[in-house]
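# Per-entry structural report
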Amino acid sequence: MYSVPLQIARLGDVVFCAFPGEPFVEIGLRLKSASGHGAVFPVALANGYFGYIPLSECFERGGYEIRATAHNCLSRNAAELILGWHLNALQKM
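Residues numbered from 1 in each chain as written. Predicted model: local features only at pLDDT ≥ 70, side-chain atom pairs only at ≥ 80, totals over all residues. Heavy atoms only, no water.

## Considering the sheet that holds strand β4 (residues 39–43)
Filter applied, for reference: Here, any two strands with at least 2 DSSP bridges between them count as paired. Secondary structure elements are taken from DSSP: a helix is a run of H or I of four residues or more, a strand is a run of E of two residues or more, and numbering for both begins at the N terminus. Convention adopted: a line fitted to C-alpha atoms gives each axis, helices being fitted over their contacting stretch, and angles between N-to-C directions are expressed from 0 to 180 degrees.
Pairing is mixed across the open sheet formed by 3 strands, whose spatial order is β1-β2-β4. Each edge of the open sheet is held by one strand with a lone partner, namely β1 (7–11) and β4. Here the strands of the sheet are splayed against their neighbours by 20° on average, with no regard to which way each runs. Inspection of the sheet shows strand β2 (residues 14–18) paired to β4 by 5 bridges, in the parallel sense.

Spelled out as structure tokens, the structure:
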């Protein structure tokens, strides 16, 4: 199990959510729609690189993005955990 650095930065009405890897586009769309904030920007490749960050349902389709490698090492539920952390932190803003 890895502990990954997560971060949110707010500049006025604009919020930046840092992801330590390459989140799938669906993660950014869910973040924006569920955040309750107007201008939310997911920032990829921030604070390190832990590989692709697919949603858990993406593992059924296969593909190179979900294969475990030295640079792609997060668990199947990492996207949901990271997204949940960001949404929880955004509710407190």
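## Let's talk about the side chain of Ser 35
Put simply, the rule is: Between N or O atoms, a polar contact is any pair within 3.5 Å; within protein, one atom must be a potential hydrogen donor and the other a potential acceptor, and residues adjacent in sequence are included only when both atoms are from side chains. Only heavy atoms matter for contacts: two residues are in contact if any of them lie within 4.5 Å across the pair.
Within the secondary structure, Ser 35 is located in the loop between α1 (25–34) and β4. Among the polar contacts listed, one links the side chain of Ser 35 to the backbone oxygen of Lys 32, at a separation of 3.3 Å. Look past the residues within four positions of Ser 35 in its chain and what remains in contact with it is Val 40, Leu 87 and Leu 90.

## Regarding the pattern of salt bridges
Short version of the rule: The salt bridge criterion pairs a side-chain nitrogen of Lys or Arg with a carboxyl oxygen of Asp or Glu, the two atoms within 4 Å. A 1.4 Å probe rolled over the protein chains alone gives each residue an accessible area, and that area as a share of the maximum for its type sets the label: buried under 20%, exposed over 50%, partly exposed in between.
Applying the stated criterion across every chain yields a total of 1 salt bridge. For Arg 30, the salt bridge goes to Glu 57, with nearest N and O atoms at 3.0 Å. Residue Arg 30 is located in helix α1, and its partner Glu 57 is located in the loop between β5 (52–53) and α2 (78–91); the two are separated by 27 residues in the primary sequence. Overall, Arg 30 belongs to the partly exposed group, its relative accessible area being 36%. On the accessibility criterion, Glu 57 (36% relative accessible area) is partly exposed.

## Quick look at α1
Put simply, the test is: In this context, the arc is that of the directions from the helix axis out to the C-beta atoms.
Looking at α1, one finds that the buried residues are Ile 27, Gly 28 and Leu 31. All buried residues of α1 lie within an arc of 95° about the axis, which places them on one face of the element. Residues of α1 that are exposed and point more than 90 degrees away from the buried face comprise Val 25, Leu 29 and Ser 33. The inward-facing, buried residues of α1 abut β2, β3 (22–23), β4, β5 and α2. Once α1 ends, the next one or two residues include Gly 36, with phi positive near 80°.

## Focus on the packing of α1 against α2
For the record, the criterion: In this scheme, roughly parallel covers angles under 35 degrees and roughly antiparallel covers those over 145, while 65 to 115 is roughly perpendicular and the rest are oblique. Working rule for handedness: look at the near helix, and if it is turned counterclockwise from the far one by less than a right angle, call the crossing left-handed; if clockwise, right-handed. Each residue gets one of three labels, nonpolar for Ala, Val, Leu, Ile, Met, Phe, Trp, Tyr, Cys and Pro, charged for Asp, Glu, Lys and Arg, and polar for the others, Gly among them.
Contact pair α1 / α2: the axes reach a minimum separation of 10 Å and the direction vectors enclose 25°. What the angle tells us is that α1 and α2 run roughly parallel. Considering the relative orientation of α1 and α2, their crossing is right-handed. Across the interface between the two elements, Ile 27, Arg 30, Leu 31 and Ala 34 from α1 touch Ala 79, Leu 83, His 86, Leu 87 and Leu 90 from α2. Tallied by class, residues from the contact of α1 with α2 come to 7 nonpolar, 1 polar and 1 charged.

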